[in-house]
Amino acid sequence: MTASAPELVLAGGTVHTPNGTQTADVAVRGGKILGIGSYPDADRRIDCTGLDILPGVIDSQVHFREPGLEHKEDLESGSRAAVMGGVTAVFEMPNTSPNTDSVMRVHDKLDRALHRMYCDHAFYVGATAENAEELGELERIPGTAGVKIFMGASTGSLLVAEDEQLARVLAHGRRRVAIHAEDEERMNARKHFRVDGDPASHPVWRDDESAMLATRRILRLARAAKRPIHILHVTTPAELELIAQHRDIATCEVTPQHLTLEAEDAYPRLGSYAQMNPPIRSAAHVAGLWHWLRQGVPDVIGSDHAPHTKEEKAKSYPASPSGMPGVQTLLPLMLDHVARGNMTLERLIDMTSSGVQRVFGLVGKGRIAAGYDADFTVVDRKGSFTITEDWVESRCGWSPFTGMELRGRVIGTIIRGHSAMWEGQLANAARGEPLRFAGAL
């Protein structure tokens, strides 16, 4: 082998590049993409004939529960679920115990994750009234995805609900801030709408206006602060219509759950297992989200992977916690939507790789191009499989999608040239490393 010969070639697959789709080899050396074309010689070849080679899928919203809540999930088990589902990198959320809200706690997570997580990773810093002035420094720690604001209480104790506190947070730092937009005051005033034992009352309590009020407020405050924001897990078509009028400062996310589950079926069938924040809403909401997705408004798809144990979810509503696993099912569910004609594969790639890179300033990820990290998600679009509990790698051991037969199958997850998963087999060793961002180099 010559010094410039590839160490790995993915041979003969349908490769999805910025130039379009082509049948070609992808060559890898030193963890980077060497080139796209014809590469007959390599130390190692993987035959990808008949398979699609996508840029590595990035899930920009997961809760892996470590430290403090490891009985639900930890960084190792959550990352196993990620790579089993074709996800090469994740952004993990700060509502752990303790919260990820200081230099020490960010470094603690980075230390816990290195070469213990199977996928590459970044960690959000949680905004609080107490750390607002430090956020400009905290968001520049290498390996941080940025700052996360909870405007409405969800799992954990992070909450910044008042306009004055929100303005202080937005005034410190420059990177895009991720927002959980539900209005705390309105939800507190509507708690009487919760019906004991009836999770179908969850979206009545946390109604459309709770989401819309918070989204309106944060758009106004972000514009005043001249600060870019990213609104997570949008559930109402009205919010997407509003965000479309503020594209200079706002990007947004939708989840597979909110694009797939409909309240009319989900709550009677799944009970509190369908409970999450913001809630699963009606079939009309789902149709509206798809309308705005086809208009190009949501920038990314994130799973909001938020596992709880079966014992916790089995509690009677509203004592049952909100959240469901999703990192492992993100891509399989969306590939099925592609197969059903709900979206194109190109749009899915944009929302799970290049869109994430664009929104967050991710370095070296998000596309199949020479010099980029050799991150690939290899799929068989003609294959099909059924989600079963024994396939679920998350420590929680369940999925709201168990029993669903899906068209499209994840074959392999390759991260910086290493196979983290191939044909359902995990790698022997975890090699996950921190992600790099233009705003924190």
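Scroll up a little and you will see the structure.
To keep things clear, this report deals only with the structure shown in the data block. Just so you know, these numbers come straight off a predicted model, no measurement behind them. (Residues numbered from 1 in each chain as written. Predicted model: local features only at pLDDT ≥ 70, side-chain atom pairs only at ≥ 80, totals over all residues. Heavy atoms only, no water.)

### A closer look at the overall build of the protein
Definition in use: By definition, any uninterrupted DSSP run of H or I lasting at least four residues is a helix, any uninterrupted run of E lasting at least two residues is a strand, and each is numbered from the N terminus. The contact rule is simple, with two residues in contact once any of their heavy atoms fall within 4.5 Å.
Helix and strand counts for the protein stand at 14 helices and 17 strands. With respect to the three principal axes, the spread of C-alpha positions in the protein is 70 × 45 × 40 Å. In the protein, 74% of the contacts between residues at least 6 apart in sequence involve partners at least 24 apart.

### Topic: the side chain of His202
Keep this limit in mind: A 1.4 Å probe rolled over the protein chains alone gives each residue an accessible area, and that area as a share of the maximum for its type sets the label: buried under 20%, exposed over 50%, partly exposed in between. Polar contact criterion, stated in full: a pair of N or O atoms within 3.5 Å, where within protein one must be able to donate a hydrogen and the other to accept it, and residues adjacent in sequence count only if both atoms are side-chain atoms.
You can see His202 is positioned in helix α6 (residues 202–205). Residue classification places His202 among the buried positions, given a relative accessible area of 1%. Side chain to side chain, His202 and Tyr317 meet in a polar contact 2.9 Å long. Excluding anything up to four places from it in sequence, His202 contacts Tyr267, Gln275, Met276, Asn277, Pro279, Tyr317 and Ser322.

### Considerations on unusual backbone geometry
Between Ser97 and Pro98 the backbone carries a cis peptide bond, its omega angle lying at 10°. Residue Tyr317 is joined to Pro318 through a cis peptide bond whose omega torsion reads 5°. Note that Pro318 resides in the loop between α12 (310–313) and α13 (330–339). Phi is positive for His115, close to 55°, though the residue is something other than glycine. Its place among the elements puts His115 in the loop between α2 (103–113) and β8 (120–126). A positive phi angle, close to 50°, is found at Arg416, a residue other than glycine. Locating Arg416 in the fold gives a position in the loop between β15 (405–415) and β16 (418–422). On the accessibility criterion, Arg416 (15% relative accessible area) is buried.

### What to know about the nonpolar core
Test applied: The set of buried Ala, Val, Leu, Ile, Met, Phe, Trp, Tyr and Cys residues whose side-chain atoms join them within 4.5 Å is what this entry labels a nonpolar core.
With 92 residues, the main nonpolar core has Val90, Ile149, Ile229, Ile231, Met343 and Leu348 as its most contacted residues. Here Met343 is in contact with Trp290, Leu293, Ile301, Met334, His337, Val338, Leu348 and Met351, once residues within four sequence places are set aside. Membership of the second largest hydrophobic core comes to 17 residues, among which are Leu8, Val26, Ile33 and Val378.

### Focus: the pairing of strand β2 (residues 20–29)
Quick reminder of the rule: Only strands that DSSP links by at least two bridges are regarded as paired with each other.
Where strand β1 (residues 8–17) meets β2, 8 bridges bridge the pair, whose relative direction is antiparallel. Counted as the bridge partner of Thr17 is Gly20 from β2. Adjacent in sequence and paired antiparallel, β1 and β2 are bridged by 2 residues.

### Digging into the side chain of Gln275
Mapped onto the elements, Gln275 comes out in the loop between α10 (263–270) and α11 (283–294). With relative accessibility at 2%, the residue Gln275 sits in the buried group. Reaching out from Gln275, the side chain makes a polar contact with the side chain of Ser320 at a distance of 2.6 Å. The residues contacting Gln275, other than those within four sequence positions of it, are His202, Lys313, Tyr317, Ser320, Pro321, Ser322, Gly323 and Met324.

### Focus: the packing of aromatic side chains
The geometry of an aromatic ring pair is captured by the separation of the ring centres together with the interplanar angle, meaning the angle of the planes. Note the threshold: Pairing of aromatic rings covers Phe, Tyr and Trp, the last counted by its six-membered ring, and requires centre-to-centre distances within 6.5 Å; plane angles under 30 degrees mean stacked, over 60 mean edge-to-face, and any other angle means tilted. Remark: a charge is flagged as sitting over a ring if the NZ atom of Lys or the CZ atom of Arg is within 6 Å of the ring centre and within 35 degrees of the ring normal.
Tallying each qualifying case throughout the model produces 5 aromatic pairs. Measuring from centroid to centroid gives 5.1 Å for Phe91 and Phe360, while their planes differ by 80°, and the two rings are edge-to-face. Residue Phe91 is found in strand β7 (residues 87–92), and its partner Phe360 is found in helix α14 (residues 345–360); the two are separated by 269 residues along the sequence. Taking the ring centre of Trp205 as reference, the NZ or CZ of Arg194 above it sits at 4.7 Å. Residue placement shows Arg206 over the ring face of Trp205; its charged tip is 4.9 Å from the ring centre.

### A word on α13
Counting buried residues in α13 gives 9 out of 10 residues, a clear majority hidden from the surface. Listed in full, the buried residues belonging to α13 are Leu330, Leu331, Pro332, Leu333, Met334, Leu335, Asp336, His337 and Val338. Positive backbone phi, approximately 85°, marks Gly341, located one or two places after α13.

### Points about the pattern of salt bridges
For the record, the criterion: By salt bridge we mean one thing: a side-chain nitrogen of Lys or Arg within 4 Å of a carboxyl oxygen of Asp or Glu.
All told, the structure shown has 37 salt bridges when counted by the stated rule. Of the charged contacts, one joins Asp265 and Arg269 as a salt bridge, the two residues approaching to 3.0 Å between their closest N and O atoms. Taken together, the residues span about one helical turn, with Asp265 and Arg269 both in helix α10 at a distance of 4 residues. The shortest N-O distance in the salt bridge between Asp336 and Arg340 comes to 2.5 Å. A network of salt bridges, in which partner residues are shared, links Lys32, Asp120, Lys365, Asp373, Asp375, Arg416 and Glu433.

### Focus: the sheet that holds strand β10 (residues 177–180)
Let me state the cut-off plainly: For every element, the axis is a line fit to its C-alpha atoms; helices are fit only across the contacting stretch, and the angle between N-to-C directions ranges from 0 to 180 degrees.
Strand order in this open sheet of 8 strands is β6-β7-β8-β9-β10-β11-β12-β13, and the pairing throughout is parallel. Only two strands of the sheet have a single partner each, and these edge strands are β6 (57–62) and β13 (300–301). Sheet analysis places β6 next to β7, joined by 4 bridges and oriented parallel. For Ile58, the partnering residue across the bridge sits in β7 and is Ala89. Lying over the sheet, helix α7 (residues 208–225) contacts β10, β11 (229–231) and β12 (250–254), oriented at roughly 170° with respect to β11.

### Concerning the packing of α13 against α14
Put simply, the test is: Working definition: roughly parallel below 35 degrees, roughly antiparallel above 145 degrees, roughly perpendicular at 65 to 115 degrees, and oblique for all remaining angles. If you view the pair so one helix is near and one far, a crossing is left-handed when the near helix is turned anticlockwise from the far one by less than a right angle, and right-handed when it is turned clockwise. Note that Gly is not counted as nonpolar here; it falls among the polar residues with everything else outside the nonpolar set of Ala, Val, Leu, Ile, Met, Phe, Trp, Tyr, Cys and Pro and the charged set of Asp, Glu, Lys and Arg.
In the contact formed by α13 and α14, the axes pass within 9 Å of each other and the chain directions differ by 155°. Between α13 and α14, the angle falls in the class roughly antiparallel. Read as a crossing pair, α13 and α14 show a hand that is right-handed. Side by side, α13 and α14 meet where Leu330, Leu331, Met334, Leu335 and Val338 of the first sit next to Leu345, Leu348 and Thr352 of the second. When the residues that make up the contact of α13 with α14 are grouped by side-chain class, the tally is 7 nonpolar, 1 polar and no charged.

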